[in-house]
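Each chain, letter by letter, is given below.
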Amino acid sequence: MSKRGIGLACLALSCATALAASPPEVRIGSKNFTESVILSEMLRLDAQRHGMTLEHRRAMGGSAILWQALRQGSIDAYPEYTGTLTQELLRGLPPSASHQQLSQALLPLGLDLSESIGFEDRYALGVPEALGERLQLRSLSDLRAHPELRLALSNEFMNRADGWPGLRAAYALQPASVRGVEHSLAYRALASDAADVIDLYTTDAEIQSYHIRVLEDDRHYFPGYLAVWLYRLDSARRAPRLLRAIADLTSRISDTQMQQLNARVQVQRRDETSVASEFLSSGAASGAASAGTWQRIRTRTVEHLELVSVSLGLAMLLGLPLGVAAAKLPRLGKLVLGLAVVLQTVPSLAMLVFMIPLFGIGARPAIATLFLYSLLPIVRNTLTGLTSIPARLQESAASLGLPWQVRLLRVEAPLAARTIIAGISTAAVINVGTATLGALIGAGGYGEPILTGIRLNDLPLILEGAIPAAALALLVMAGFQLLERALTPRGLRLSFDG
């Protein structure tokens, strides 16, 4: 058992090292909403015309994750908004800070920003047109007279410095119900009458398709939100063609055009890559067409297997010896098991965020998170399997004068094999499911089509990730059942099966 586990873990570790050995020239990121993905795809495709290859880490999450990744060097550029810079990321600057002021504040961090991409995407609140007409809602101030309205606000907006806390104070709003939701789900909540007021971006395609009335910011609470590119100065020096590609996309897109581009993805169910390519050069960009469904599934399967196999191999490498030590040293066992339980109680999203400062973004923080979640079932089942061996069998082995290592490998491990393998199997199945969240930090895998499908309200795209993930979990479980049968002594198999 131990040798097999160590061999698998070493192989997985060598695979991880090989994967990290040749990083791409430039990495760019995008936030987890359509507009950001489209813009980053435009930059990727335009960079091809300048003879460089960019890796696009799609839909990584909110501003905080992208900002942290940029500062750490995990990505080299991403699209951002000036209002987010002044109010959320570079706090202390006035809302009306000029481009020069923003640049001067970014330079000490080794960063800079481009000129405006051309459009502004402001925060706003909206209500269904019918409700707005019935209650005569025109501006944000009108909401004060209707505290009974139910607000469904995006989770990021709920906690931003320029978001709900400041807005509520500026307009003296005291609604009876305020709930946090994923931004893409807020429109569906409005359409299904589960909410009355939502936050939105002024270039959202759903504003027209869902017939939403955008309320006027009559107290001018929200700052300007010009779209710009943030980039690392060292990346610009190392890859000057990146700046040329960024310059190609400045002053290029109007508010109306951006809303139309969003609509092609959100409403017409077009792929972000093809929409970006079509805008750049009427579809003439080479390599712009999105991959077919089966090719995408193959790619995501490889990424998902890498996340699961590497993390599981490392967890076996540490978990099996810890389980053995816990069985032989009861006091240590309680400490180890308690620590593993504590790690298991940390929410997976929080764990991923904790790992970003240590490992950046991509596969490494996801592997580290999955590794920690794998420890509890492996340690616990190894401990249980070894301590549940009947005392008479252990005494018989000891009476033969066998060294403890031989007793462990030849007697105790085979007797505990079924329980130990069940723990590894549980850890593997947990990893298959939890690895889907790795897409939030650019790790790829089956989570990418799932998150994109949720954002686009596209059930087939959700199933493109969910069905293979479920199938992989079943295959993993079946594989470990076969392994359990192969490693369990024949006599024990007969007694268990009988």
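Residues numbered from 1 in each chain as written. Predicted model: local features only at pLDDT ≥ 70, side-chain atom pairs only at ≥ 80, totals over all residues. Heavy atoms only, no water.

Caption draft 1: Seen up close, the sheet that holds strand E7 (residues 177-181). The mixed open sheet is built from five strands, whose spatial order is E7-E6-E8-E5-E9. On the outer flanks of this sheet lie E7 and strand E9 (212-214), each paired with one strand and no other. Between one strand axis and the next, the sheet turns through 35° on average, direction left out of account. Strand contacts of helix H9 (residues 183-191): strand E5 (123-128), strand E6 (150-154), E7, strand E8 (197-201) and E9, with the helix running at about 135° to E8, the strand carrying the most contacts. (Pairing = 2+ DSSP bridges. Helix = DSSP H or I, 4+ residues; strand = E, 2+ residues; numbered from the N terminus. Axes fitted to C-alpha atoms, helices over the stretch in contact; angles between N-to-C directions. Contact = heavy atoms within 4.5 Å.)

Caption draft 2: Expanded view of the pairing of E8. Most of E8 is tucked away: five of the five residues are buried. By the alternation rule, side chains of E8 split into Val-197, Asp-199 and Tyr-201 and Ile-198 and Leu-200, which are all buried. The pairing of E5 with E8 spans four bridges and is antiparallel. Paired with Leu-125 across the two strands is Asp-199, which belongs to E8. With two bridges joining them, E6 and E8 adopt parallel strand pairing. Bridge pairing links Leu-151 to Val-197 in E8. (Buried < 20%, exposed > 50% of the residue type's maximum accessible area, 1.4 Å probe, protein only.)

Caption draft 3: Broad picture of the pattern of salt bridges. Counted by the stated rule, this structure contains 23 salt bridges. Measuring nitrogen to oxygen at the nearest pair gives 3.0 Å for the salt bridge that ties Asp-234 to Arg-232. The class for Asp-234 is partly exposed, based on a relative accessible area of 33%. For Arg-232, a relative accessible area of 13% gives the class buried. (Salt bridge = Lys/Arg side-chain N within 4 Å of Asp/Glu carboxyl O.)

Caption draft 4: Representation of helix H14 (residues 272-281) within the structure. Counting buried residues in H14 gives seven out of 10 residues, a clear majority hidden from the surface. For H14, the complete set of buried residues consists of Glu-272, Thr-273, Val-275, Ala-276, Ser-277, Phe-279 and Leu-280.

Caption draft 5: Examining the confidence of the model for the protein chain more closely. On average, residues of the protein chain carry a pLDDT of 85, and 88% of them reach 70 or more. Here helix H1 (residues 2-20) stands out as the element of the protein chain with the lowest mean pLDDT, 44, in contrast to strand E10 (residues 227-232), whose mean of 97 is the highest. Throughout residues 1-22 the model reports pLDDT below 50, and contacts reaching past four residues in sequence, or to other chains, amount to 22 contacts. Note that residues 283-289 has pLDDT below 50 and, in this model, nine contacts with residues that lie over four places away or in other chains. (pLDDT = per-residue confidence, 0-100.)

Caption draft 6: The arrangement of the packing of aromatic side chains in detail. Tallying each qualifying case throughout the model produces eight aromatic pairs. Considering the side-chain rings of Tyr-123 and Phe-157, the 4.8 Å spacing of their centres and the 55° angle between planes classify their relative orientation as tilted. Of this pair, Tyr-123 sits in strand E5 while Phe-157 is found in helix H7 (residues 155-159), placing the two residues 34 residues apart along the sequence. Like Tyr-123, the residue Phe-157 is buried in the burial classification. Chaining the aromatic ring pairs together yields one cluster made of Phe-33, Tyr-123, Phe-157, Tyr-201, Tyr-221, Phe-222 and Tyr-225. (Phe/Tyr/Trp six-rings, centres within 6.5 Å; stacked < 30°, edge-to-face > 60°.)

Caption draft 7: Region of the structure containing the side chain of Arg-57. As for its placement among the helices and strands, Arg-57 is situated in strand E2 (residues 54-57). A relative accessible area of 11% places Arg-57 in the buried class. Separated by 2.6 Å, the side chains of Arg-57 and Glu-55 make a polar contact. Contacts of Arg-57, omitting those with residues within four sequence positions, involve Arg-27, Ile-28, Gly-29, Ser-30, Ile-361, Gly-362 and Gly-442. (Polar contact = N/O pair within 3.5 Å; in protein donor to acceptor, adjacent residues only side chain to side chain.)

Caption draft 8: Highlighting unusual backbone geometry. A positive phi angle, near 55°, is found at His-211, a position not held by glycine. Assignment of secondary structure puts His-211 in the loop between helix H10 (206-209) and E9. Here Ser-251, not a glycine, exhibits a phi torsion of approximately 55°, which is positive. As for its position among the elements, Ser-251 is in the loop between helix H12 (240-248) and helix H13 (255-266).

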